[in-house]
Amino acid sequence: MLKEFQCTRCKETKPESEFSPRKGGKKPVHSWCKGCFRAYSNELNKKPLRQRVRRSYHLKYLYNVTPEKYADMYEQQKGVCAICEGQETILDKQGVPQLLSVDHCHDSGNIRKLLCRSCNLAVGNVKDDWRIAMRLSDYLKDFENLQKVKDAESRKAQKASS
C-alpha cells in the first residue's frame with residue numbers, strides 16, 4: 001500500500017514520492033511537498049537578501065563563525081584568498097562572485113583562513129597534509145625548471161641554425 005502524506009503548505013494529500021525524504025524526525029518525509037518547496041525556493045531566490053541570510057546561518061551552523069567574525073577575517077585578508085591572493089571567481093546564480101570559503105581543520109574544527117574555491121579544493125585534494133603539498137610544489141618546480149632548460153636549448157639551436 002502506498003503511503004500518503006498531507007502537505008502542510010498546500011494542504012493536499014499526495015503519495016510519498018511527492019515528498020523529499022527526511023533524515024531523522026517523526027515522519028520519513030518533509031512536511032511540504034516537492035512542488036511547494038520548489039515554489040518557495042524560487043520565491044526566496046528572487047530576493048537579494050536570500051544569499052546573505054543563508055550564508056550567515058551556514059557560517060554559524062557549520063563553523064560557529066558569526067557574520068561579524070567573517071567580515072573581520074575578510075577585512076584582515078583585504079577580501080582576497082589567503083593562498084593565491086586572488087578574489088573569488090566562482091559566480092552564484094545571479095552572476096555575483098561567491099564569498100570566500102572558510103577553511104578549517106577537519107580534525108579539530110579550528111578555523112584557519114578564508115580561501116577561494118580553487119585553493120580550498122586544492123587543500124582538500126592534498127588531504128590537508130603539508131608534506132603532500134610540498135611534494136606537489138617540488139613536482140611543479142621540477143617541471144618548470146625542465147621546461148626552462150628545454151626552452152634555452154631550443155633558442156640556442158635556433159641561433160646556431162641562423
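This text goes with the structure placed above it.
Everything numeric in this text was worked out from a predicted model, so none of it was measured.

How each quantity is defined
- Residues numbered from 1 in each chain as written.
- Predicted model: local features only at pLDDT ≥ 70, side-chain atom pairs only at ≥ 80, totals over all residues.
- Heavy atoms only, no water.
- Helix = DSSP H or I, 4+ residues; strand = E, 2+ residues; numbered from the N terminus.
- Expected span 1.5 Å × (residues − 1).
- Polar contact = N/O pair within 3.5 Å; in protein donor to acceptor, adjacent residues only side chain to side chain.
- Salt bridge = Lys/Arg side-chain N within 4 Å of Asp/Glu carboxyl O.
- Buried < 20%, exposed > 50% of the residue type's maximum accessible area, 1.4 Å probe, protein only.
- Core = buried A, V, L, I, M, F, W, Y, C linked by side-chain atoms within 4.5 Å.
- Contact = heavy atoms within 4.5 Å.
- Patch = residues over 30% accessible without salt bridge, like charges linked within 9 Å, V, L, I, M, F, W, Y side chains within 5 Å.
- Areas by Shrake-Rupley, 256 points an atom, 1.4 Å probe, with all protein chains shown as cover.
- Phe/Tyr/Trp six-rings, centres within 6.5 Å; stacked < 30°, edge-to-face > 60°.
- Lys NZ or Arg CZ within 6 Å of the ring centre and 35° of its normal.
- 1 Å grid on protein atoms, 1.4 Å probe; cavity = no way out; pocket = protein on both sides within 12 Å on 5 of 7 lines; lining within 4 Å.
- Points joined across faces, edges and corners; volume = space filled by probe spheres on them.
- Nonpolar A, V, L, I, M, F, W, Y, C, P; charged D, E, K, R; others polar.

(A) Region of the structure containing helix α5 (residues 130–161). Given a rise of 1.5 Å per residue, 32 residues ought to cover 46 Å, and the 46 Å separating the end C-alpha atoms of α5 matches this to within 8%. Its side-chain oxygen 2.8 Å from the backbone nitrogen of R131, D129 forms the N-cap of α5.

(B) Layout of the pattern of salt bridges. Within this structure, the stated rule accounts for three salt bridges. A salt bridge links R112 to D103; the shortest N-O distance between them is 2.8 Å. For R112, a relative accessible area of 36% translates into the label partly exposed. Judged by its relative accessible area of 8%, D103 falls in the buried class. Among the charged side chains, a salt-bridge network with shared partners connects D103, R112 and D128.

(C) Summary view of the nonpolar core. L59, Y70, V102 and L114 are the most contacted members of the largest nonpolar core, which has 13 residues in total. For this core, the secondary structure elements donating two or more residues are α2 (49–63), α3 (67–76), β6 (111–115) and α4 (117–125). Setting aside residues up to four positions removed in sequence, L114 forms contacts with Y70, M73, Y74, Q77, V80, C81, A82, L100, S101 and V102. Membership of the second largest hydrophobic core comes to six residues, among which are F5, V29, C33 and C36.

(D) Quick peek at unusual backbone geometry. Phi at N64 takes a positive value of approximately 55°, unusual for a residue other than glycine. Among the secondary structure elements, N64 is positioned in the loop between α2 and α3. Phi at K78 is positive, roughly 60°, even though this residue is not glycine. In this structure, K78 sits in the loop between α3 and β5 (101–104). Of the residues examined, K78 reaches a relative accessible area of 71% and is grouped as exposed.

(E) Expanded view of a nonpolar patch on the surface. Where nonpolar side chains cluster on the molecular surface, the patch consists of Y57, Y61 and L62 and spans about 400 Å² of accessible area. Here L62 shows up in helix α2. On the accessibility criterion, L62 (47% relative accessible area) is partly exposed.

(F) Broad picture of the packing of aromatic side chains. Applying the stated criterion across every chain yields a total of two aromatic pairs. Between F5 and F19, the aromatic rings sit 6.0 Å apart at their centres with planes inclined by 70°, giving edge-to-face as the arrangement. Within this pair, whereas F5 is found in strand β1 (residues 4–6), its partner F19 is found in strand β3 (residues 19–21), the two being separated by 14 residues in sequence. Summarising the aromatic geometry, the rings of Y70 and Y74 are spaced 6.2 Å apart at their centres and angled 25° between planes, so their arrangement reads as stacked. Within this pair, Y70 and its partner Y74 are both found in helix α3, separated by four residues, close to a single helical turn. The aromatic ring of W32 is capped on one face by R9, whose charged end is 5.0 Å from the ring centroid.

(G) Structural context of the layout of surface pockets. Of the volumes computed, that of the second largest pocket is approximately 150 Å³. Every residue lining the second largest pocket is listed: S20, R22, H30, S31, W32, C33, K34 and F37. Along the lines of polarity and charge, the residues of the lining of the second largest pocket split into three nonpolar, three polar and two charged.

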